[in-house]
Amino acid sequence: MLSVSTAAFITIPFVRCTSRNAPLAKSLSRPLFLSQICDANTLREIGNAYRAKSPDEATENQLVNKILGDQGYKAHFKDENDPRFLAFLDEKIHKDFSTDQTLIIKGWVVSTTEARQCALASLIKP
Amino acid sequence: MHIDARKLPDHSVIEGDICIVGSGPAGISIAMEWDHTRYKVILLEGGGFEYDDQVQDSYAGKTTGQKYFPLKSARLHYFGGTSNHWAGYCSPFDSIDFTKRDWVPHSGWPITFEDLDPYYARAQKNLDLGPYEYGAAFWQNQDQAMKSLLPNDSVVWNKIWQFSPPTRFAPKYKKDIVNSKNIHLYTYANLVDITANENVSAIREVTVRNLAGRQHTVRARHFVLACCSIQNARLLLAANRQAPRGLGNDNDLVGRYFMEHLEIKSAELFLAQPNPLKLYEMEFGVTKARCELAISAQMQERHKILNGTCSFTPLDVARNIKPAIETWNNEDPRKSDENFLGSINSAVKNSTTPKEGSRAYELFTRIEQAPNPNSRITLDREQDAFGIPRANLHWELTNLEKRSIRKIYELIGQQVGLAGMARVRLMEYLQDENDLSWPPFTSGGWHHMGTTRMSDSSKTGVVDANCKVHGIANLFVAGSACFATAAAPNPTFTLVALSLRLSDHLKALLKT
Ligand SMILES: Cc1cc2nc3c(=O)[nH]c(=O)nc-3n(C[C@H](O)[C@H](O)[C@H](O)COP(=O)(O)OP(=O)(O)OC[C@H]3O[C@@H](n4cnc5c(N)ncnc54)[C@H](O)[C@@H]3O)c2cc1C
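Rules of the game
Residues numbered from 1 in each chain as written. Chains lettered and ligands numbered in written order. Predicted model: local features only at pLDDT ≥ 70, side-chain atom pairs only at ≥ 80, totals over all residues. Heavy atoms only, no water. Helix = DSSP H or I, 4+ residues; strand = E, 2+ residues; numbered from the N terminus. Rg over C-alpha atoms; globule rule 2.2 N^0.38 Å. Buried < 20%, exposed > 50% of the residue type's maximum accessible area, 1.4 Å probe, protein only. Contact = heavy atoms within 4.5 Å. Near = heavy atom within 4 Å. Polar contact = N/O pair within 3.5 Å; in protein donor to acceptor, adjacent residues only side chain to side chain. Areas by Shrake-Rupley, 256 points an atom, 1.4 Å probe, with all protein chains shown as cover. Nonpolar A, V, L, I, M, F, W, Y, C, P; charged D, E, K, R; others polar. Core = buried A, V, L, I, M, F, W, Y, C linked by side-chain atoms within 4.5 Å. Domains from an automatic or database assignment. Buried area = accessible area lost by both parts, 1.4 Å probe. Salt bridge = Lys/Arg side-chain N within 4 Å of Asp/Glu carboxyl O. Pairing = 2+ DSSP bridges. Axes fitted to C-alpha atoms, helices over the stretch in contact; angles between N-to-C directions. Parallel < 35°, antiparallel > 145°, perpendicular 65-115°, else oblique. Left-handed = near helix turned anticlockwise from the far one by under 90°.

A few points about the overall build of chain B
Check the secondary structure of chain B and you find 14 helices and 20 strands. Against the compact-globule benchmark of 24 Å for 512 residues, chain B has a radius of gyration of 23 Å, which places it among compact chains. Seen along its three principal axes, the alpha-carbon backbone of chain B occupies a region of about 70 × 45 × 45 Å. A burial count over chain B gives 63% of its 512 residues as buried. Considering only contacts within chain B whose residues lie at least 6 apart along the sequence, 76% involve residues at least 24 apart.

Some thoughts on the site of the ligand
All names here are of chain B. Taken together, 38 residues lie around the ligand, and Glu-45, His-77, Thr-82, Leu-191 and Thr-492 are the ones closest in. Pro-25 is positioned such that a nitrogen or oxygen atom in its backbone is 3.1 Å from an oxygen atom of the ligand. Measuring from a nitrogen atom of the ligand, one finds a backbone N or O atom of Leu-191 at 2.9 Å. Across the complex, the protein chains shield 99% of the 1000 Å² of accessible surface that the ligand would expose by itself. Breaking the shell around the ligand down by element, the ones donating at least two residues are helix H1 (25–33), strand E9 (190–196), helix H7 (229–238) and helix H14 (492–511). Taken together, the residues that form the shell around the ligand break down as 21 nonpolar, 15 polar and 2 charged.

Regarding the nonpolar core
Counting 162 residues, the largest nonpolar core has Leu-44, Leu-269, Phe-312 and Ile-412 of chain B as its most contacted members. Looking at this core, the element that brings in the most residues is H14 of chain B, giving 9 residues. Residues lining this core come from more than one domain, with at least three contributed by each of domain 1 (1–124 + 168–259 + 444–512) and domain 2 (130–163 + 262–367 + 398–437) of chain B. Sequence-distant contacts of Leu-44 of chain B, that is, excluding residues within four places in its chain, are made with Cys-19, Ile-20, Val-21, Gly-22, Ser-23, Tyr-186, Ala-189, Val-206, Val-208 and Val-218 of chain B. Counting residues in hydrophobic clusters, the runner-up holds 29 residues, among them Ile-105, Ala-115 and Ala-119 of chain A together with Leu-315 of chain B.

Let's talk about the domain arrangement of chain B
Frequently, the measure chosen for interface size is the accessible area removed from exposure when the parts meet. Residue and element names in this part refer to chain B. Each domain of chain B was delimited in the assignment, giving domain 1 (1–124 + 168–259 + 444–512) and domain 2 (130–163 + 262–367 + 398–437). At the junction of the two partners, domain 1 supplies 41 residues and domain 2 supplies 38 residues. Note on domain 1 versus domain 2: buried area summed over both sides is about 3200 Å², and carbon and sulfur give 60% of it. Remark: the boundary between domain 1 and domain 2 carries 1 salt bridge.

Description of the interface of chain A and chain B
The partner chain B presents 20 residues to the 16 residues of chain A that form the contact. Interface of chain A and chain B: buried area, both sides summed, is about 1600 Å²; carbon and sulfur atoms make up 62% of it. At the boundary of chain A with chain B, the tally comes to 1 salt bridge. At the boundary of chain A and chain B, one finds 8 residue pairs in polar contact (both at pLDDT 80 or more). Sorting the residues of the side of chain A that touches chain B by element identifies helix H2 (32–37), helix H5 (83–98), strand E1 (102–105) and strand E2 (108–111) of chain A as the ones contributing at least two each. In terms of residue class, the side of chain A that touches chain B is built from 8 nonpolar, 5 polar and 3 charged.

With respect to the sheet that holds strand E5 (residues 63–65) of chain B
Residues and elements named next belong to chain B. An order of E5-E18-E17 is seen for the 3 strands of this open sheet, with the pairing classed as mixed. The open sheet has two edge strands with one neighbour each: E5 and strand E17 (376–383). Taken pair by pair, the neighbouring strands of this sheet meet at an average axis angle of 30 degrees, ignoring direction. Docked against the sheet, H7 engages E17 and strand E18 (389–395), running at close to 60 degrees with respect to E17.

A few points about the pattern of salt bridges
All names here are of chain B. In total, this model carries 28 salt bridges over all chains according to the counting rule given. Residue Glu-33 is joined to Arg-122 by a salt bridge in which the shortest nitrogen-to-oxygen separation is 2.8 Å. In this pair, Glu-33 sits in helix H1 while Arg-122 sits in helix H4 (residues 113–126), placing the two residues 89 residues apart along the sequence. Assessed through its relative accessible area of 23%, Glu-33 is described here as partly exposed. With relative accessibility at 30%, the residue Arg-122 sits in the partly exposed group. The network of salt bridges with shared partners includes Glu-263, Arg-290, Glu-292 and Arg-366.

A word on the packing of helix H4 (residues 60–68) of chain A against helix H6 (residues 112–123) of chain A
Residues and elements named next belong to chain A. With their axes 10 Å apart at the nearest point, H4 and H6 run at an angle of 155 degrees to one another. The angle between the axes of H4 and H6 places the two elements in the roughly antiparallel class. Helix-helix and strand crossings are classified by hand; for H4 and H6 the assignment is left-handed. Across the interface between the two elements, Glu-60, Leu-63, Val-64, Lys-66 and Ile-67 from H4 touch Thr-113, Arg-116, Gln-117, Ala-119, Leu-120 and Leu-123 from H6.

Some details on unusual backbone geometry
In this chain, Pro-165 of chain B is followed by Pro-166 of chain B through a cis amide linkage whose omega measures 10 degrees. If you check the backbone angles, Lys-106 of chain A has positive phi at about 50 degrees while not being a glycine. The topology assignment puts Lys-106 of chain A in the loop between E1 and E2. Phi at His-36 of chain B takes a positive value of approximately 65 degrees, unusual for a residue other than glycine. As for its position among the elements, His-36 of chain B is in the loop between H1 and strand E4 (41–44). Classification of His-36 of chain B by relative accessible area gives exposed; the value is 74%.

What follows is the structure, given as structure tokens:
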């Protein structure tokens, strides 16, 4: 697990995702752990299945907002490569696993955040 | 002392203090407890010292319901019993296994884990196991490389299995029994009938027969049936001259609640880094102890699931192992064994797993089946060469088994995810929660249990807490037939412990 000491206590205003957030969506579409064990196709398959199950999370914007929740991003992270941003995502996934926020999609037991990241991957052209 | 019953004059009468029928792990474990005592123990074995296909044929029978192994090859019918084929996997049942669980119909034993605990400790010796230590920490302390995959043990925990060499009871105990002054082993003494007193409240004698055409009578103060679950039920049902439904069967329970362990590949585990998973690794003949992942009692209760565990095999090996239900398909147990082991050995031989370990593992389930009165042994019209009706097995599973397996892997997936170690993918047949069918590779573990289940009441069980048949003063059943539920572990360790407990009970009875 990455260190999350700073990420844990920041509350940031909601940031609406626009097309200007495309790099953000792209970086969110790479679930760190899952990417190490699954190929891109599998990630997209998980993503497609997630979107089919969750019609209100069908667009990039909706997914980015769901992933970031009320945790904004730009005000506190330099960019999406900021290690604290990765730590924030890592912590979120960890929390999903500890609070039963997991899903079985295409057989994979994944965190809800990971599923949304895969959904983004399935929307973004490779 | 050894006597070949084929060589005795026809219609001999044999008398002793206790008569044990069957010389597998259950029967021999009891018999050896009486060596060097003043009691005359008669140990009846239907076969000889070697495999004999004519005797083995008496095990043949039909199966219906969930596909099962040929009955003829699922047990061995000679001295040492099925220990001549067993693999030696041993682990005690958990406390929860003995309790009444409101989500598992017909669960609950009239004894507790604490009642069996001292006998488990003794059974370690019978099965040539190591120290009576089933906490993972004990073994991890001896080998720092045995690292857990789990963040803690509140949801999923590491349950230890120890491995018997595996003990073959025939070579281990033959000399002691043959040289014993007070244990009288009769080979080719196949029990064919049981005769009770007039009001069927006690057994007077049993009849044994062999294919040499000799028939003998055996009288004793106490009788113990130790022929394993299918045979024990079959013999009680067939003893229907004085009790039309069979002995101990006033409430139509004998043969019912047949249980197996479902043994089935269920999921795959993917790690970010190669890992030999030493804590979970099993090398046949080398590993003394290793863990399977088990589900905590609290989680079983919360999710209303059965008790089951999960073992690991590197995926490249597992993918080349054919399912047991496919390879154990020959009526001849020797051929089935060869097919089965052949598939495993060749997969292991061709393994490409590097020394530093694999990144992908198959997760394999062993799970209790919910006690089910429709899963049962009945008698066929056809008789074997000894004149006993053949056994039929109807193996029936319930939806609870499938739901439980799915939940088990969801919980395991969550826990290894929480630990940041791995991700789990359920196999196709578990992916749709509404799909209640079983895939063709669904297997049992050759673990026959529950056909004379234990209960305080004759209305809900065949034997009482001391393994005595309800309503019959001197008839006992030894072995896994007495299990009220099957738990996750392989049954022999528990059935030997239970047999040692029965032996102590018999000693107390004979003293009074
Ligand atoms: C391939 C295989 C692998 C296994 N692996 C494991 C494992 O790893 N761990 C585990 O716990 N269990 C395992 N088992 C199960 C294990 O073998 C049994 O639980 C165990 O042998 C049961 O002991 P038992 O004494 O009750 O019955 P058995 O060993 O079956 O012995 C019954 C005895 O009764 C005799 N008998 C039967 N009918 C009569 C009659 N009418 N008259 C006189 N004698 C009779 C038989 O000849 C036999 O000697 C395995 C089984 C198989 C087939």
